[in-house]
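So you can see what is in the structure, the chains are spelled out below.
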Amino acid sequence: MATDPRTALRLAQRTYRAAQEAQQAGRTLPDSRPDGWGARGYRPGRLLDWPPATATRWKDLHGWPHGGPIGIAC
């Protein structure tokens with residue numbers, strides 16, 4: 001799990017690359033790694049614009065307070 005925005009972006013990029021490589025090799029996409037990251041939303045052919053990507057603490061849609069994971073916006 002990422003504890004800061006820089007780590008979150010690095011883990012997101014790593015997970016995205018792993019999904020690309022798995023898809024290109026005909027393997028199953030990584031669903032969930034031991035660190036909690038997965039590629040369930042991967043879309044083949046979609047290129048993400050990483051340089052302007054940002055990361056912030058994820059906010060629960062129901063407004064429940066917690067120090068949860070960091071979300072990524074690309």
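Since the structure is predicted, the reported quantities are computational estimates derived from the model, not experimental observations.

Here the focus is the overall build of the protein chain. Assigned secondary structure in the protein chain consists of one helix and two strands. Shown N-terminal to C-terminal, the secondary structure of the protein chain runs as helices and strands in the order α-β-β. Considering the protein chain as a whole, with its 74 residues, one finds that 26% of them fall into the buried category. The long-range fraction of contacts in the protein chain, counting pairs at least 24 apart against all pairs at least 6 apart in sequence, stands at 40%. Carbon together with sulfur atoms contributes 54% to the accessible area of the protein chain, which is approximately 5500 Å² in total.

This part is about the packing of aromatic side chains. Under the counting rule described, the total for this entry stands at two aromatic pairs. For the pair Tyr-16 and Trp-50, a centre-to-centre distance of 6.0 Å together with 75° between the ring planes defines the contact as edge-to-face. On the criterion of sequence distance, the pair formed by Tyr-16 in helix H1 (residues 5-24) and Trp-50 in the loop between H1 and strand E1 (54-57) is long-range, its members being 34 residues apart. The same class applies to Tyr-16 and to Trp-50, which are both buried. Among the aromatic residues, those joined into a cluster by ring pairs are Tyr-16, Tyr-42 and Trp-50.

Topologically, Thr-15 is positioned in helix H1. Setting aside its immediate chain neighbours within four residues, Thr-15 contacts Arg-33, Trp-37, Gly-38 and Ala-39.

A few words now on the confidence of the model for the protein chain. Segments scoring low in pLDDT should not have their predicted coordinates read at a detailed level. In this model, the protein chain carries a mean pLDDT of 78, and residues with pLDDT of at least 70 account for 77%. Per-element averaging of pLDDT across the protein chain places strand E2 (residues 70-73) at the bottom with 58 and H1 at the top with 88.

On to H1. Relative to the 28 Å expected for 20 residues at 1.5 Å per residue, H1 spans 29 Å between its end C-alpha atoms, a close match to the ideal helical length. Along H1, the residues that are buried comprise Thr-7, Ala-8, Leu-9, Leu-11, Ala-12, Thr-15, Tyr-16, Ala-19 and Ala-22. The backbone nitrogen of Arg-6 has a side-chain oxygen 3.1 Å away, supplied by the residue at the start of H1, namely Asp-4.

Ranked by size, the top nonpolar core spans 13 residues in total, and within it Ala-2, Ala-8, Trp-37, Tyr-42 and Trp-50 carry the most contacts. It is H1 that contributes the most residues to this core, six residues altogether.

Reading the values: the criteria
Residues numbered from 1 in each chain as written. Predicted model: local features only at pLDDT ≥ 70, side-chain atom pairs only at ≥ 80, totals over all residues. Heavy atoms only, no water. Helix = DSSP H or I, 4+ residues; strand = E, 2+ residues; numbered from the N terminus. Buried < 20%, exposed > 50% of the residue type's maximum accessible area, 1.4 Å probe, protein only. Contact = heavy atoms within 4.5 Å. Areas by Shrake-Rupley, 256 points an atom, 1.4 Å probe, with all protein chains shown as cover. Phe/Tyr/Trp six-rings, centres within 6.5 Å; stacked < 30°, edge-to-face > 60°. pLDDT = per-residue confidence, 0-100. Expected span 1.5 Å × (residues − 1). Polar contact = N/O pair within 3.5 Å; in protein donor to acceptor, adjacent residues only side chain to side chain. Core = buried A, V, L, I, M, F, W, Y, C linked by side-chain atoms within 4.5 Å.

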